[in-house]
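Report on the structure
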Amino acid sequence: MMKKPDLKVVLLGDMNVGKTSLLHRYMERKFQESVSTVGGAFYLKQLGPYNISIWDTAGREQFHGLGSMYCRSASAIILTYDVGHKQSLLELEERFLGLTDTANSDCLFFVVGNKVDLTDGSEGEGEEESKSERPRTSSTSKVRKQVDIEDAHALYKRIMKYRLVDDSCAPVAEKMCFETSAKTGHNVDDLFESVFNMVIPLILKKRANGPDDTINLAQSNTEKQSKSGCC
Ligand SMILES: Nc1nc2c(ncn2[C@@H]2O[C@H](COP(=O)(O)OP(=O)(O)OP(=O)(O)O)[C@@H](O)[C@H]2O)c(=O)[nH]1
Ligand SMILES: [Mg+2]
């Protein structure tokens, strides 16, 4: 019988930003044209003695309602945008952040700008206007970089505020924001390894708190309220 996953990691973000491609690059070590995800897909990653489930969600508006269900009891959420498409970053805050209310109170947040291969060396030298219609393709034609890593850091800080996480307790933005390319593999291992390294202490904490998830959550909430600091 399959062992129950120790915890859950969820990829969220607009359609076409490359969530499936990132996961595929990490798990299968390759890049191939993917089709837009329907509903969601689930992968299991064995990490030493631990089992981690990774949920790839659909960015399409029509599946939006499923998002908060997928985020339920999540230990880490990877919010993904496309560095060549500013709107995909804005959508994270407008459309996706609210879905994470169902995640664990100690859930970690990562902010990931994908498709850097398309913007390599093109900062500031691209056209003024960028096309709002993006073809569903991994074509090699370069586009202007529309989102800087500092924008991701700023979003991360707003997410911590939204989650009511004290600044002094939250991992620093520089550690939680990545720029990746599922196509070249740039930073993809770094991203997932950081996620896994940071969730392992959460597994240990969860185990120490007992096997029942419901009690667990209640316990960790009261713990959080009764403690003056959390780190
Ligand atoms: N050049 C380039 N293309 C990419 C990259 N990542 C994904 N793509 C392409 O972008 C398109 C969308 O990628 P997906 O991984 O399907 O995007 P998604 O976020 O899973 O989209 P939904 O499932 O609809 O939410 C595909 O044509 C990919 O081949 C990347 O890093 N670089
Ligand atoms: Mg997908």
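Every value quoted in this text rests on a predicted model; they were computed, and no experiment measured them.

Here's the deal with the confidence of the model for the chain
Chain-level statistics for the chain give a pLDDT mean of 86 and a share of 81% at 70 or above. Low pLDDT, under 50, characterises residues 122-132; the predicted model gives this stretch eleven contacts beyond four residues in sequence or across chains. Residue range residues 214-231 is modelled with pLDDT below 50. Its contacts to residues more than four positions away, or to other chains, number 17 contacts.

So, the pairing of strand β1 (residues 7-13)
The two faces of the sheet receive side chains in turn, since in a regular strand these alternate between them. Among the seven residues in β1, six count as buried, and that is most of the element. Bridging between β1 and strand β3 (residues 50-57) involves five bridges; their strand directions are parallel. Each bridged residue has a counterpart across the sheet, and for Leu11 the counterpart in β3 is Asp56. As judged from the five bridges shared by β1 and strand β4 (residues 76-82), these two strands associate in the parallel manner. If you follow Leu12 over to β4, its bridge partner there is Leu79.

Quick notes on the sheet that holds β4
Spatially, six strands are ordered β2-β3-β1-β4-β5-β6 in an open sheet, and the strand pairing comes out mixed. Edge positions in the open sheet fall to β2 (40-47) and β6 (177-179), since each of these has one partner strand only. Going from strand to strand, the sheet's axes swing by 20 degrees on average, the running direction of each strand aside. Relative to strand β5 (residues 108-114), β4 runs parallel, the two being bridged by seven bridges.

Notes on helix α6 (residues 188-209)
End to end, α6 covers 32 Å across 22 residues, agreeing with the expected 32 Å (1.5 Å per residue, within 8%). Where α6 bends most, at Val199, the angle is about 25 degrees, and the proline Pro201 comes one to four residues later. Restricting attention to buried positions, one finds in α6 the residues Val188, Leu191, Phe192, Val195, Val199 and Lys206. Trailing α6 by a residue or two, Gly210 shows a phi angle of about 110 degrees, which is positive.

What to know about the nonpolar core
One recurring pattern in soluble globular proteins is that nonpolar side chains are buried together. Of all hydrophobic cores here, the largest spans 46 residues; its most connected members are Ala76, Ile77, Leu79, Phe109, Phe110 and Val111. If we skip the residues at most four places from it in the chain, Phe109 touches Ile77, Leu79, Tyr156, Ile159 and Met176.

Topic: the packing of helix α3 (residues 86-96) against helix α4 (residues 149-162)
In the contact formed by α3 and α4, the axes pass within 11 Å of each other and the chain directions differ by 0 degrees. When the axes of α3 and α4 are compared, the pair comes out roughly parallel. Between α3, through Leu89, Leu92 and Glu93, and α4, the contact on the second element is made entirely by Asp151, Leu155 and Arg158. Residue composition of the contact of α3 with α4, grouped by class: three nonpolar, no polar and three charged.

Thresholds, definitions, all that
Residues numbered from 1 in each chain as written. Chains lettered and ligands numbered in written order. Predicted model: local features only at pLDDT ≥ 70, side-chain atom pairs only at ≥ 80, totals over all residues. pLDDT = per-residue confidence, 0-100. Contact = placed C-beta atoms within 7 Å. Buried ≥ 20, exposed ≤ 12 C-beta atoms within 10 Å, placed from the backbone. Helix = DSSP H or I, 4+ residues; strand = E, 2+ residues; numbered from the N terminus. Pairing = 2+ DSSP bridges. Axes fitted to C-alpha atoms, helices over the stretch in contact; angles between N-to-C directions. Expected span 1.5 Å × (residues − 1). Bend = angle between axes of the 7 residues up to and from the residue. Core = buried A, V, L, I, M, F, W, Y, C linked by C-beta atoms within 7 Å. Parallel < 35°, antiparallel > 145°, perpendicular 65-115°, else oblique. Nonpolar A, V, L, I, M, F, W, Y, C, P; charged D, E, K, R; others polar.

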